[in-house]
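Fold and contact review
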Amino acid sequence: MSSQAILRMIFLLVFLGWLLVWIMLPTKTYKQTWTPKLNKLNSTYFGGQGTNLLLFTFPMMFLAALGCVYLHFQKKSEKPHSESAIMSRPLAFWKRPVLVMAPLGIVTAVELAFATMFVALLIWSLANYLHLSFGHLHMHKQGEKVWEAKFRSVSLRLGYIGNICWAFLFFPVTRGSSILPLVGLTSESSIKYHIWLGHLSMILFSAHSIGFIIYWAMTDQMALMLEWSRDWVPNVAGVIAFVFAVAMWATSFPRIRRNMFEVFFYTHHLYTLYLFFYILHVGAAYFCMILPGVFLFLIDRYLRFLQSRKRARLVSARLLPCGTVELNFSKSPGLNYNPTSILFVNVPSISKLQWHPFTVTSNCNMEPDRLSITIKSEGSWTQKLYQQLSSLTDRLEVSIEGPYGPASSHFLRHESLVMISGGSGITLFISIIREIIFRSTQPNSSRRIPRILLICAFKNSTDLTMLDLLLPISGTPAEISQIQLHIEAYVTRETKPPTADTQKLLQTIWFKLNPMDSPISAALGPNSWLWLGGIISSSFIMFLLFLAILTRYYIFPIDHNTDMIYHFTLRTLWDIFFVCVCIFIATSAIFLSQKRQQKRQSAMEKRQIQNLKVPTPTMSPRSWSHGADRELESLPHQSLVQATKVHFGTRPDLKKTLLECKGSDVGVMVCGPRKMRHEVAKICSSGLVHNLHFESISFTW
């Protein structure tokens with residue numbers, strides 16, 4: 001058995017044990033047997049939160065650290081586990097869409113199964129909590145009625161259930177997560193789980209908060225809503241947290257998020273205050289239940305902050321007539337990434353706070369020193385960027401975070417690929433096609449090269465110039481003729497090809513290189529997974545040590561040698577403080593040590609920049625609808641034009657095209673408007689044919 005197989009077995013056992021703890025949490029066995037025994041072992045050093053640290057926090061932190069080791073070995077092996085010869089029928093069934101509807105979107109069989117089990121866990125937990133509480137009902141006020149006490153108990157337990165949702169809430173938004181890749185996910189593809197959990201938790205917390213307000217009003221205890229208790233839950237902290245939560249929730253619905261993105265973007269940054277007051281409200285013990293997700297998210301967030309402090313070296317830009325721009329950055333040769341990766345970009349001259357994700361269109365094998373992204377000018381931010389670049393500026397300051405992407409190119413295992421795009425959705429498939437082009441040039445490659453059918457729909461004929469981006473701007477000429485590529489392009493709003501006189505120019509801008517700018521590189525260097533594992537392990541161990549010392553020599557004597565217990569809120573504040581300090585120390589130390597190692601390379605690069613001559617801006621026309629004379633035409637571009645068939649004034653018949661696909665293993669990918677994505681998913685899940693395998697990719701930020 002290989003080391004990776006052993007690690008996968010350990011992951012499975014630890015994760016199943018962690019789920020078992022959540023199942024046992026609301027039962028009498030956990031409360032009366034597990035908790036007393038475990039508290040005897042660790043109450044001296046960790047107080048009442050020791051049991052939760054052991055059962056809820058430690059397993060996931062262990063998985064996160066071990067996952068870094070696994071991903072490091074997988075990266076070195078060059079034989080991704082996911083690239084099997086032919087997808088087995090059981091696995092194909094579980095990945096097939098079974099539910100396609102708004103607002104859930106496209107839901108596969110495995111997602112539906114896990115969602116059902118999660119809801120069952122919530123129902124099980126609520127039922128057990130209520131069974132135990134109703135059996136030992138506590139009256140909180142003299143003269144209180146039984147039904148009022150039960151109403152309060154239900155409201156309280158709904159908050160407990162919401163805390164279960166919070167235990168999973170931050171995992172999907174941890175971009176550099178070492179846990180998501182273990183189950184074949186990325187932060188981008190799992191963002192919908194964050195949305196589901198966010199809505200579900202807000203429903204539960206709203207019921208919890210409103211229920212308590214009603215209870216206090218019925219029992220004439222409204223003053224308790226503003227109480228900050230010394231030895232128990234501070235109610236006012238919960239009220240403040242709920243106010244922030246409602247503001248975030250109200251602006252996160254699709255209509256507001258898409259039409260007023262800036263309102264959603266800035267309001268969602270209230271999560272820091274929401275999280276702070278929420279933790280103060282629930283206390284240290286319940287904080288430990290959600291600590292793994294919060295801890296890993298804070299590490300990732302601080303690493304992103306450190307990476308974004310450097311300005312990225314922007315080498316050139318290609319401006320297309322359709323209002324699309326390709327930005328080409330210099331990158332470290334040691335930075336590797338897979339197709340469909342994304343890069344978060346900030347341009348301070350447009351907005352110092354806004355970060356936007358864009359698909360990486362370059363291939364790290366074909367272009368070892370370049371990283372490219374493609375941006376379509378559709379919103380206010382992208383339009384301002386296109387206008388700045390159109391003014392032929394000699395330098396543009398850009399900060400980046402990432403790239404982030406899948407651990408392997410699992411979609412290349414199919415015999416053939418059908419890629420369907422609408423508008424700027426084609427950018428997702430550029431990196432895939434470039435990867436296939438690269439693999440076709442490898443003489444001794446044992447990997448199968450899939451056939452490609454690219455179906456792309458555009459509004460106007462100028463959008464056809466986006467097909468130029470299939471070829472890299474520099475590097476070795478792409479042998480696109482060696483792959484089986486067929487492109488069906490549809491121009492929906494024009495009925496005939498444009499004349500040669502109306503053809504606009506494709507403009508290439510080369511920027512002046514600044515020695516202060518840095519090539520894009522991994523935040524923690526070539527062995528980033530190992531160093532991330534070191535950060536997770538060292539910061540968590542440091543947190544446990546600091547907490548144990550504080551509890552043993554400061555809090556424990558107060559609790560046991562005096563008539564009063566230690567302040568409930570101060571205990572929680574110590575936990576928050578130690579988490580932040582330990583993450584800051586461990587992450588900063590390892591990041592700075594890696595930065596010193598990169599300084600040697602930077603010195604050499606600066607000498608190269610001083611001797612580098614920057615090309616002058618060039619403009620070249622490209623024609624996709626005529627056989628007209630072309631300037632700067634290349635053989636790869638001629639092969640690309642020959643592989644393309646353009647249809648004017650019509651839309652693709654997706655159902656007919658997919659049902660006519662030949663072969664036993666056809667991978668189907670789609671990126672475009674929601675209506676297009678849902679149509680393709682419904683066709684693949686219809687059961688009319690069994691050779692179509694839908695590859696779910698979420699690019700709907």
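Residues numbered from 1 in each chain as written. Predicted model: local features only at pLDDT ≥ 70, side-chain atom pairs only at ≥ 80, totals over all residues. Heavy atoms only, no water.

Comments concerning unusual backbone geometry
The general pattern is negative phi for most residues beyond glycine and trans for most peptide bonds. For clarity, the threshold we go by: Helix numbering and strand numbering both begin at the N terminus, where a helix is a DSSP run of H or I of at least 4 residues and a strand a DSSP run of E of at least 2.
Omega for the bond connecting Gly 402 with Pro 403 falls within 30 degrees of zero, at 5 degrees, which places this linkage in the cis form. Mapping Pro 403 onto the fold places it in strand S8 (residues 399-404). Of note in the backbone geometry, Asp 220 takes a positive phi value of approximately 55 degrees without being a glycine. With respect to the helices, strands and loops of the structure, Asp 220 is situated in the loop between helix H7 (191-218) and helix H8 (235-250).

Re the environment of Ala 284
Threshold: Any two residues whose heavy atoms approach within 4.5 Å are treated as being in contact.
Turning to its location among the elements, Ala 284 is positioned in helix H11 (residues 271-308). Remark: the alpha-carbon pair of Ala 284 and Phe 568, spanning 284 residues in sequence, is separated by 8.2 Å. Not counting chain neighbours up to four residues away, the residues in contact with Ala 284 comprise Gln 49, Arg 571, Thr 572 and Asp 575.

Here's the deal with the environment of Leu 428
Note the cut-off: Residue burial is assigned from relative accessible area. The probe radius is 1.4 Å, only protein chains are included, and a residue is buried under 20% of its type maximum, exposed over 50%, and partly exposed in between.
Inspection of the secondary structure assignment puts Leu 428 in helix H13 (residues 427-440). With a relative accessible area of 1%, Leu 428 lands in the buried category. The sequence separation of Leu 428 and Val 670 amounts to 242 residues, and the corresponding C-alpha distance is 9.1 Å.

Structural notes on the packing of H11 against helix H14 (residues 528-561)
The criterion, for reference: To define axes, lines are fitted to C-alpha atoms, for helices over the stretch in contact only, and angles between the resulting N-to-C directions are given on a 0 to 180 degree scale. Just so you know how the angles are binned, under 35 degrees is roughly parallel, over 145 roughly antiparallel, 65 to 115 roughly perpendicular, and the rest oblique. In this scheme the crossing of two helices becomes right-handed for a clockwise turn of the near helix relative to the far one and left-handed for an anticlockwise turn of less than a right angle. Under the convention adopted here, Pro, Cys and the residues Ala, Val, Leu, Ile, Met, Phe, Trp and Tyr are nonpolar, Asp, Glu, Lys and Arg are charged, and Gly plus all remaining residues are polar.
Between H11 and H14, whose axes approach to 11 Å, the crossing angle comes to 125 degrees. Comparing their axes, H14 and H11 come out oblique. For the element pair H11 and H14, the recorded crossing hand is right-handed. When H11 is examined against H14, the residues Leu 291, Phe 295, Leu 296, Ile 299 and Leu 303 are found in contact with a partner set consisting of Leu 532, Ile 535, Ile 536, Ser 539, Phe 540 and Phe 543. Looking at side-chain class alone, the contact of H11 with H14 contains 10 nonpolar, one polar and no charged residues.

Some remarks on the pattern of salt bridges
The condition is simple: By definition, a salt bridge exists where a carboxyl oxygen of Asp or Glu is found within 4 Å of a side-chain nitrogen of Lys or Arg.
Taken as a whole, this structure holds 14 salt bridges when the rule is applied. With a closest N to O distance of 3.0 Å, Glu 367 and Arg 434 form a salt bridge. Of this pair, Glu 367 sits in the loop between strand S6 (356-359) and strand S7 (370-376) while Arg 434 sits in helix H13; the two residues are 67 residues apart in sequence, bridging distant segments of the chain. Here Glu 367 falls in the buried class, since its relative accessible area comes to 2%. Judged by relative accessible area, Arg 434 falls into the buried class, the value being 0%. Residue Arg 395 pairs with Asp 517 through a salt bridge whose shortest N-O separation is 2.7 Å. Here Arg 395, found in the loop between helix H12 (380-390) and S8, pairs with Asp 517, found in the loop between strand S12 (505-510) and H14; they are 122 residues apart in sequence, far enough to count as distant. Exposure remark for Arg 395: the relative accessible area of 26% places this residue in the partly exposed category. Asp 517 sits in the buried class, given a relative accessible area of 6%. One continuous salt-bridge network, built from bridges that share partners, spans Arg 175, Asp 300, Arg 304 and Glu 401.

Points about helix H18 (residues 674-685)
Put simply, the rule is: The span you would expect from a helix comes to 1.5 Å times its residue count less one.
The first and last C-alpha atoms of H18 sit 16 Å apart over 12 residues, in line with the 16 Å expected at 1.5 Å per residue. Inspection of H18 places Met 676, Arg 677, His 678, Val 680, Ala 681, Ile 683 and Cys 684 among the buried residues, and these make up the whole buried set. Just beyond H18, the residue with positive phi is Gly 687, at close to 85 degrees.

Some words on the confidence of the model for the protein chain
What counts, and what does not: By definition, pLDDT measures how confident the predictor is in each residue, and it falls between 0 and 100.
Summarising the model, the protein chain shows a mean pLDDT of 83, and 87% of its residues fall at 70 or more. Low pLDDT, under 50, characterises residues 625-633; the stretch is placed with 16 contacts to residues that sit more than four places away or in other chains.

Considering the nonpolar core
As a reminder, the rule being used: Among buried residues, the Ala, Val, Leu, Ile, Met, Phe, Trp, Tyr and Cys ones that are joined through side-chain atoms within 4.5 Å form a nonpolar core.
Ranked by internal contacts, the top residues of the largest apolar core, which has 87 residues, are Trp 22, Phe 56, Trp 166, Tyr 274, Phe 295, Ile 536 and Phe 543. With 20 residues, the top contributor of residues to this core is H11. Setting aside anything within four residues of it in sequence, one finds Ile 536 in contact with Met 61, Ala 64, Ala 65, Cys 68, Ser 178, Leu 296 and Ile 299. Within the second largest apolar cluster, 36 residues are counted, among which are Leu 412, Ile 452, Cys 456 and Ile 483.

Thoughts on the packing of helix H3 (residues 50-77) against H14
Relative orientation of the contacting elements H3 and H14 amounts to 160 degrees, with a least axis distance of 7 Å. Taken together, the axes of H3 and H14 are roughly antiparallel relative to one another. Like other packed secondary-structure pairs, H3 and H14 cross with a definite hand, here left-handed. Side by side, H3 and H14 meet where Leu 53, Thr 57, Phe 58, Met 61, Ala 64, Ala 65, Cys 68, Val 69, Leu 71 and His 72 of the first sit next to Trp 529, Leu 530, Leu 532, Gly 533, Ile 536, Ser 537, Phe 540, Phe 543, Leu 544 and Leu 547 of the second.

Some words on the packing of aromatic side chains
Filter applied, for reference: Note on ring pairs: Phe, Tyr and Trp rings are taken, using the six-membered ring of Trp, and paired if centres are within 6.5 Å. Classes follow the plane angle, with under 30 degrees stacked, over 60 edge-to-face and the rest tilted. Lysine and arginine charges are scored as sitting over a ring when NZ or CZ, respectively, is within 6 Å of the ring centre and within 35 degrees of the ring normal.
Within this structure, the stated rule accounts for 38 aromatic pairs. Residues Phe 344 and Tyr 404 carry aromatic rings whose centres are separated by 6.3 Å and whose planes lie at 70 degrees to one another, so their mutual orientation is edge-to-face. Separated by 60 residues along the polypeptide, Phe 344 in strand S5 (residues 342-346) and Tyr 404 in strand S8 bring together distant segments of the chain. When the ring of Phe 577 is compared with that of Phe 578, the centres are 5.8 Å apart and the planes differ by 50 degrees; the resulting orientation is tilted. Clustering of aromatic rings is evident, with ring pairs tying together Trp 166, Phe 170, Phe 205, Tyr 271, Tyr 274, Tyr 278 and Phe 297. Directly above the ring of Phe 134 sits Lys 150, whose terminal nitrogen or CZ lies 5.2 Å from the centroid.

A few points about a nonpolar patch on the surface
Quick note on the threshold: Exposure above 30% relative accessible area and the absence of a salt bridge qualify a residue for a patch, where like charges join within 9 Å and nonpolar side chains (Val, Leu, Ile, Met, Phe, Trp, Tyr) within 5 Å. All accessibility values rest on the Shrake-Rupley procedure with a 1.4 Å probe; residue burial counts only the protein chains present in the view.
A surface patch of nonpolar side chains, about 440 Å² in accessible area, is lined by Trp 147, Phe 151, Ile 210, Ile 214 and Met 218. If you list the elements that add at least two residues to the nonpolar patch, you get helix H6 (146-169) and H7. For the nonpolar patch, the element with the highest residue contribution is H7, accounting for three residues. Here Phe 151 is to be found in helix H6. By relative accessible area, which is 30% here, Phe 151 ends up partly exposed.

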